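Below are the chains, spelled out letter by letter.
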Amino acid sequence: MTALASYRRITIKIGSALLVDKAGKLRAEWLAQLAQDVASLKGEGKEIVIVSSGAIALGRGLLGLSALTLTLEQSQAAASAGQIALSQAWAEALGKHGIVTGQILITPNITEERRYFLNARTTIRTLLGLGAIPIINENDSVATAEIRYGDNDRLSARVATMIEADLLVLLSDIDGLYTAPPAKDPNATHIPVVERITAEIESMAGGAASHLSRGGMTTKVEAGKIATLAGTAMIIAKGTEAHPLARLNTGGLHTLFKAATSRAQSRKRWIMGTLSVAGTLQLDAGAVRALRQGKSLLPVGVTKITGDFERSDTIAILDDTGREIARGLSSFDSADARLVMGKNSDRMGELLGVGNRSEMVHRDNLVMIGIDEEALV
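All values reported here derive from a predicted model rather than from experimental measurement. (Residues numbered from 1 in each chain as written. Predicted model: local features only at pLDDT ≥ 70, side-chain atom pairs only at ≥ 80, totals over all residues. Heavy atoms only, no water.)

A. Representation of the overall build of the protein in the model. Looking only at helices and strands, the protein features 14 helices and 15 strands. Per-residue burial over the protein gives 51% buried out of 377 residues. Relative to all contacts within the protein whose residues are 6 or more apart in sequence, the contacts with residues 24 or more apart total 73%. Here the protein has roughly 16600 Å² of accessible surface; of this, 50% comes from carbon and sulfur atoms. (Helix = DSSP H or I, 4+ residues; strand = E, 2+ residues; numbered from the N terminus. Buried < 20%, exposed > 50% of the residue type's maximum accessible area, 1.4 Å probe, protein only. Contact = heavy atoms within 4.5 Å. Areas by Shrake-Rupley, 256 points an atom, 1.4 Å probe, with all protein chains shown as cover.)

Next comes the structure, spelled out in C-alpha cells:
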C-alpha cells in the first residue's frame, strides 16, 4: 500500500524554503510539479488542504528587503505584499488542473477561541465540499512577535485537527526523524515509524537549519503531539526534490507518526490542540487515580495552582511530580480555584454560593494525555 492510500482528508504543510529561493524568487517549476501531485491526489477522491509558508519571503524579494535585517514593521509589510503573490501563485499552479483555491489567513485567536475555531472550520469544510482547495497561512501582516504561532508546523497541526484530517504531511528539507540531527551526528539512524511520541522521541529533535525556516525538528515533533493525540496521523517527508508527494506515495523515505487509536470528540480535540495554557493545577496521587478512572477533577485533590485564568480557559493538569497528564477547561477562575483548592465538594455552596459547579474540571471538558479516551467511557 502506498504511503497516502489509506487517507481521505489530508493537510499538507509547505515550508518557505521549498517555495522560495534564497533570492526571494518563487520556485515556479517546483510548485508546478507539486500542483500536479496535488491534482493527482484530488483525482483519487482525496480532500486536500494546504498550509503554505512563503508570504514574507516572497514579499521581501518584491520589496527589495534583506532577510537578515528585517524589522517587525518590514516583516509585516513584506507579508502584506507577499500574501498577494503567494495566493496568485497557488491559484495559477492549481488552476492549470481545473482546481479552484480559496485563501484563508489565520491568527492565533482563530484556533484558540472556540467560537472562531468553529467558524473557520465551517469555512474550510465548505470549500472542500465545493471541490476547492483551501490555502492557509498565518496572517503575518498583522502578527507580532508576541502574538503569533511562531511556525507553520504547529499551525498546520491545529488546522489538521480542526478539520478532522486523517493525515498531516509536513514537507521539509529532511526525510523524517533521526535518532539525532544527521548534520551533526554521522551515526544517526532514520526512524520510519513512531508509535507514540515519548520523552525519548522529543529528545531526538534538533534545531532549524534552512535559510528561511523558523521551525526545525523540534516544532515538527510538537506538531506531531497535537495531531496524533487528536487522531490525525502525521508524516515528515523530504520536499526539496521534484514531485515530492508522488515520490512519497511511491516509497520515498519518511517518518510516520501514528495517530491515537481513537479519534476524540470535537471539543476534546480542540482542547488537546491548544498551543498555550493559562495556568496549571497540580494534583495529589488520589486525584490522579480518579482521573485515570474517568472521573472529573474535584477541588479536594488539587494541591497547587499557578497562573491567572478565567472560567473556561484551558489549563494543564499535572501529577504530583509535575508531569502533565491531562488538559482541560477550568470550571472556575483562578481566584475561586485557589479559594476551593483542597476543599471537599460539599463546601462549594458555602465558599462560592449556591449554583456553582462542584468539579474543578468536568470530565467532559478534560482530556487525558496518553490514555485511550474510549477506555474511560
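B. Spatial organisation of helix α6 (residues 114-129). Helix length check: α6, at 16 residues, gives a terminal C-alpha distance of 22 Å against a target of 22 Å (1.5 Å per residue), a fit within 8%. Residues Phe117, Ala120, Arg121, Ile124 and Leu128 constitute the buried set of α6. For α6, the angular spread of the buried residues around the axis is 105°, confining them to a single face. Summarising the geometry of α6, the exposed residues directed more than 90 degrees from the buried face are Arg115 and Gly129. (Expected span 1.5 Å × (residues − 1). Arc of directions from axis to C-beta.)

C. Summary view of the sheet that holds strand β3 (residues 101-106). Across the sheet, which stays open at both edges, the 8 strands sit in the order β3-β4-β2-β1-β5-β9-β10-β8 with mixed pairing between neighbours. Both outer strands of the open sheet, β3 and β8 (193-194), are each paired with one neighbouring strand and no more. Pairing of β8 with strand β10 (residues 254-257), which is carried by 2 bridges, proceeds in the parallel orientation. Its bridge partner lying in β10, Val193 is registered against Leu256. Packing of helix α4 (residues 72-95) onto the sheet brings it into contact with β1 (9-14), β2 (47-52), β3 and β4 (133-138), and relative to β3 it is tilted by some 150°. (Pairing = 2+ DSSP bridges. Axes fitted to C-alpha atoms, helices over the stretch in contact; angles between N-to-C directions.)

D. Structural context of the packing of helix α7 (residues 152-162) against helix α9 (residues 217-229). Interaxial distance between α7 and α9 falls to 8 Å at its minimum, and their mutual angle equals 15°. When the interaxial angle is binned, α7 and α9 end up roughly parallel. In this structure, α7 meets α9 at a crossing whose hand is right-handed. Here Asp153, Arg154, Ala157, Arg158 and Thr161 of α7 lie close against α9, whose contacting residues are Thr219, Lys220, Glu222, Ala223, Ile226 and Ala227. (Parallel < 35°, antiparallel > 145°, perpendicular 65-115°, else oblique. Left-handed = near helix turned anticlockwise from the far one by under 90°.)

E. Focus on the nonpolar core. Formed by 40 residues in total, the largest nonpolar core has its most connected members in Ile124, Ile136 and Leu177. Residue assignment for this core shows that the elements contributing at least two residues are β2, β3, α6, α7, β5 (167-172), α9, β9 (233-238) and α11 (266-273). In this structure Ile136 touches Val49, Ile50, Val51, Ser52, Ile104, Ile106, Ile124 and Val159, once residues within four positions along its chain are discounted. Counting residues in each nonpolar core, the second largest holds 38 residues, with Ile14, Trp30, Leu58 and Trp90 among its members. (Core = buried A, V, L, I, M, F, W, Y, C linked by side-chain atoms within 4.5 Å.)

F. Representation of α9 in the model. Taking 1.5 Å per residue, 13 residues should reach 18 Å; α9 reaches 18 Å between its end C-alpha atoms and fits that length. Buried within α9 are the following residues: Met217, Thr219, Lys220, Val221, Ala223, Gly224, Ile226, Ala227 and Thr228. Directly beyond the C-terminal end of α9, a positive phi value near 95° is found at Gly231.

G. Region of interest: unusual backbone geometry. In this model, Glu164 sits at a positive phi of 60°, which is unusual for a non-glycine residue. For Glu164, the location among the structural elements is in the loop between α7 and β5. When its relative accessible area of 27% is taken as the criterion, Glu164 is described as partly exposed. In this model, His243 sits at a positive phi of 50°, which is unusual for a non-glycine residue. With respect to the helices and strands, His243 occurs in the loop between β9 and α10 (244-249). Overall, His243 belongs to the partly exposed group, its relative accessible area being 23%.

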